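# Examining the three-dimensional arrangement
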Amino acid sequence: MTLNYQVRPGGALTGRIRVPGDKSISHRSIMLGSIADGVTHIGGFLEGEDALATRNVFRALGVRIEGPDHGNVTVHGVGMRGLEAPAQVLDCGNSGTSMRLLCGLLAGQNFDCELTGDASLRKRPMQRVAEPLARMRAEISTAEGGRPPLRIMGIANLRGIDYRMPIASAQVKSALLLAGLYARGRTCVTEPAPTRDHTERMLAAFGYPVERKGSTVCVSGGGKLTATDIEVPTDISSAAFLMVGASIAPGSDLTLEHVGVNPTRTGVIDILRLMGASIELLDQRQAGGEPVADIRVRHAELKGIAIPAEQVALAIDEFPVLFVAAANARGVTVLRGAEELRVKESDRIAVMADGLQALGVAAEPTADGMRVTGGNYGGGTVASHADHRIAMAFAIAALRARAPITVTDCANVATSFPGFVELAAKSGLRIKQN
Ligand code: S3P
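Residues numbered from 1 in each chain as written. Predicted model: local features only at pLDDT ≥ 70, side-chain atom pairs only at ≥ 80, totals over all residues. Heavy atoms only, no water.

### Looking at the nonpolar core
By size, the foremost hydrophobic cluster in this structure holds 81 residues, and its most contacted members are Tyr 5, Met 243, Leu 256, Leu 272, Phe 319, Phe 420 and Leu 429. Counting residues per element, this core draws most heavily on helix H7 (residues 236-248), at nine residues. Excluding anything up to four places from it in sequence, Phe 319 contacts Ile 271, Ile 307, Val 312, Leu 335 and Leu 341. Core analysis: the second largest hydrophobic core is formed by 66 residues, Ala 36, Phe 58, Leu 121 and Phe 206 among them. (Core = buried A, V, L, I, M, F, W, Y, C linked by side-chain atoms within 4.5 Å. Buried < 20%, exposed > 50% of the residue type's maximum accessible area, 1.4 Å probe, protein only. Helix = DSSP H or I, 4+ residues; strand = E, 2+ residues; numbered from the N terminus. Contact = heavy atoms within 4.5 Å.)

Shown next, in the form of structure tokens:
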């Protein structure tokens, strides 16, 4: 039985809401808490399937983890060398972040293990982490085409490397830094463009020295992490759906509370502002080493833009819903340099272009992006291809459609945004699921 959304056209988004916890930070809080000395308390943890997959993996590695209970998780850290050989294959579900970061963390253990995932994850490229980790002497074998399942041989004598990443990927950077904790000498990663830096920030919060110089970040092996308390902000990537919804729907005035506004994640705000959106950051503050703010979004007339190249990595998960913003803008919006979108939970360029075209939007996919001409559009049935962010993007599109939109195969929204339907409906989206 697949889960579908039925969304009636029209409506406005209003009120004050809090979206669930940040997915990237939730994964890292379990990982670092597990290998720290002492007990880590986490608040605001994302109770979504991806973060729970990471929790389950660390339980299988012998870590006692309680919760989440209303977002509270307690991790009884086992120290750098305390993880145990798992009795089963480690299942990362739909989560690329779990799998790629685990490759780095598990490569330097003294036991072997196997990682797998769902049908979508089993299609995603893992060579991007396996290849640089091999240079550190890790032994990781993949299935055909560099895809999962992965077999990781525990190698107790990894060595540090200097690695210049060919793609801007926080997952690759994080995998190498986590392996670097277990390696002899220094591991340095240089990125071609800034990517989310939650791993670096959280390592520092756990008392692990991290050196940053320009676009290079380094760790030296052999240190230890000390348990700490982590307050997870809410996820700007989830807030983004409602930010776009409030921007495009006349009469909207929505405040999103306690959103993580780390500058390596705020591309969506900068891009929407360039398009003419009305977005205010209120009460900016720090929580657990991360900047947070309340975000107030009011309806505004949007205009098409050429999306600046330097924003691509800073908004990488937000393009499905940014294409919906583009469909509602005056003129043409062009995205280039975003070929990474083709290897996310689905091929987000192809799947978004197909869906937008099905609604009557002039959307032309290119090898590394899309060209979208804004205008009126109708309703119809759109396939999400089991990609959570595609499903939510098309639900938001209904705010300005001329007829109802049905989005199929939406169960995976629970990977990142449990309670999306209820929260969006409470804000004014005319959505039902069946
Ligand atoms: C993530 C990094 C990004 C992003 C993913 C989460 C992370 O992937 O798309 O949803 O938590 O490090 P890439 O690093 O592959 O771009």
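After that view, the rundown keeps rolling.
### A closer look at the pattern of salt bridges
Tallying each qualifying case throughout the model produces 28 salt bridges. The salt bridge involving Arg 348 is made with Glu 345; its shortest N-O contact spans 3.0 Å. Judged by its relative accessible area of 1%, Arg 348 is buried. (Salt bridge = Lys/Arg side-chain N within 4 Å of Asp/Glu carboxyl O.)

### As for the packing of aromatic side chains
All told, the structure shown has three aromatic pairs when counted by the stated rule. For the ring pair Phe 319 and Phe 323, a centre distance of 6.3 Å and an interplane angle of 35° mean the geometry is tilted. Placement of the pair is Phe 319 and Phe 323 together in helix H9 (residues 319-327), with a separation of four residues, close to one helical turn. Look at Phe 323 and you get buried, because its relative accessible area is 3%. Between Phe 417 and Phe 420, the aromatic rings sit 5.2 Å apart at their centres with planes inclined by 70°, giving edge-to-face as the arrangement. Each member of the pair, Phe 417 together with Phe 420, is buried. Aromatic rings pair up to connect Tyr 5, Phe 417 and Phe 420 into one cluster. (Phe/Tyr/Trp six-rings, centres within 6.5 Å; stacked < 30°, edge-to-face > 60°.)

### Some points on the environment of Ile 65
Relative to the helices and strands, Ile 65 is located in strand S4 (residues 64-69). The spatial distance from the C-alpha of Ile 65 to the C-alpha of Ile 30 is 8.5 Å, given a sequence separation of 35 residues. With residues near it in sequence (within four places) discarded, Ile 65 still touches Ile 30, Ser 34, Arg 55, Phe 58, Arg 59, Val 73, Thr 74 and Val 75.

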